[in-house]
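Understanding the architecture of this molecule
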Amino acid sequence: MSADGLIVVDKPGGMTSHDVVARIRRLARTRRVGHGGTLDPMATGVLVIGVGRATRLLTYVIGAGKSYTATIRLGQATVTDDAEGDVIATTPAGAVTDDAVRAALAPLTGEIDQVPSAVSAIKINGERAYKRVRDGEAVELPARRVTVSRLDVREIRRDVPDVVDVDVDVTCSSGTYIRALARDAGLALGVGGHLTALRRTAVGGFGLAEAATLAELEERAPEVVNLPLDAAAGRFFPRRDATEAEARTLSHGGPLAPAGIAGPYAVFGPAGGVIAIVSERDGRARAEIVLAPA
């Protein structure tokens, strides 16, 4: 069976994140596998997978910032705000200038209130929004505050009549919908817009350079983990080293004296293994999750 740890996968197009988890379960020979942030089937790129005890780190991975390359097509709106949905409106966009495109994208940076795509995995009264849409229900999701720290235009292309394709680089907070950015740019320009390509290039500090394809993971199964638990915790969190006594206390759920480290942070024992993810509050350092084996 594969060791506890994280795998940075380069997800192919046409697969759901759950499909990738199912494949890794087979390769790693364990059911204890999860992912750190959904990628739509159309999208490719970085999908962080947790195996064994490292699945407990995924809640932090999900909340990490993310980076993408994407292509926005102006001149067509779709029901899903991406290329997987039917086109519901077409407006010739050939007359839209490059300056107008950049002006429409500029307000979509910084802290913004974004309305997620109706066809999304967000739950409404316990049911996914996309299922309600498929059942014929009109779904309106409330806006949520997200941060788009970078939205750079790489190229504006006019290869197809009446549409404008805009290649962009985006860095954003967790919970940002890139296809909603495409939709909102199209709305601002009055021509509609949707996403035709999306590739996630980074999640937190994990990037494409260390990502493995499923074919590569197949070749080395069941040893598919490329970041063992201790290394993964060391990469993702600030580090604190504990004494033997502190390690014993923490592994049994007890608090430590604060160290003044902005949390959450990882506490490592004298032997170098991670014991817990800790945060400091009320004058004590308390475990959010204990990772040391029972």
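Structure report, in brief. Not measured: the values here are computed from a predicted model.

Inspection of the entire model under this criterion finds three aromatic pairs. Ring geometry for Y60 versus F237: centroids 5.1 Å apart, planes at 85 degrees, classification edge-to-face. With Y60 in helix 2 (residues 58-62) and F237 in the loop between helix 7 (229-236) and strand 15 (239-241), this residue pair connects regions lying 177 residues apart in the sequence. The same class applies to Y60 as to F237, namely buried. Residues F236 and F237 carry aromatic rings whose centres are separated by 5.3 Å and whose planes lie at 70 degrees to one another, so their mutual orientation is edge-to-face. Take F237: its relative accessible area is 8%, and that puts it in the buried class. Taken together, Y60, F206, F236 and F237 form an aromatic cluster joined through their ring pairs. In this structure, R239 is placed above the aromatic ring of F268, and the distance from its NZ or CZ to the ring centre is 3.9 Å.

When two helices pack together, their arrangement is given by the angle between the helix axes and the distance between those axes. Viewed as axis vectors pointing N to C, helix 3 (residues 98-105) and helix 5 (residues 178-189) meet at an angle of 125 degrees, and their least axial separation amounts to 9 Å. As summarised for this structure, helix 3 and helix 5 are arranged oblique, according to the angle between their axes. Considering the relative orientation of helix 3 and helix 5, their crossing is right-handed. Facing A100, V101, A104 and L105 of helix 3, the residues of helix 5 in contact are A185, A188 and L189. Residue composition of the contact of helix 3 with helix 5, by class: seven nonpolar, no polar and no charged.

On a regular strand, each side chain points to the face opposite its neighbour's, so the side chains alternate between the two faces of the sheet. Sheet analysis places strand 3 (residues 44-51) next to strand 12 (residues 193-203), joined by two bridges and oriented parallel. Considered in strand 12, the bridge of G45 is made with R200. The sheet contact formed by strand 4 (residues 66-74) and strand 12 spans nine bridges and is antiparallel. Residue pairing in the sheet places L74 in a bridge with G193 of strand 12. Here strand 12 runs beside strand 13 (residues 206-207); their pairing, made up of two bridges, is antiparallel. Looking at the pairing, V203 lines up with F206 of strand 13. Following strand 12, the chain reverses through two residues before pairing antiparallel with strand 13; G204 in that reversal takes a positive phi of roughly 55 degrees.

A few words now on the pattern of salt bridges. Counted under the stated rule, the structure contains 19 salt bridges. For D184, the salt bridge identified is with R183, shortest N-O distance 2.8 Å. Ionic contacts of the salt-bridge type, sharing partners, join the residues R150, D152, R154 and D169 into one network.

Looking now at helix 3. All of the buried residues in helix 3 are V101, A104 and L105. The buried residues of helix 3 occupy one face: seen down the axis, they fall within an arc of 95 degrees. Lining the buried residues of helix 3 we find strand 4, strand 10 (144-157), strand 11 (164-172) and helix 5.

Cut-offs used in this document
Residues numbered from 1 in each chain as written. Predicted model: local features only at pLDDT ≥ 70, side-chain atom pairs only at ≥ 80, totals over all residues. Heavy atoms only, no water. Phe/Tyr/Trp six-rings, centres within 6.5 Å; stacked < 30°, edge-to-face > 60°. Helix = DSSP H or I, 4+ residues; strand = E, 2+ residues; numbered from the N terminus. Buried < 20%, exposed > 50% of the residue type's maximum accessible area, 1.4 Å probe, protein only. Lys NZ or Arg CZ within 6 Å of the ring centre and 35° of its normal. Axes fitted to C-alpha atoms, helices over the stretch in contact; angles between N-to-C directions. Parallel < 35°, antiparallel > 145°, perpendicular 65-115°, else oblique. Left-handed = near helix turned anticlockwise from the far one by under 90°. Contact = heavy atoms within 4.5 Å. Nonpolar A, V, L, I, M, F, W, Y, C, P; charged D, E, K, R; others polar. Pairing = 2+ DSSP bridges. Salt bridge = Lys/Arg side-chain N within 4 Å of Asp/Glu carboxyl O. Arc of directions from axis to C-beta.

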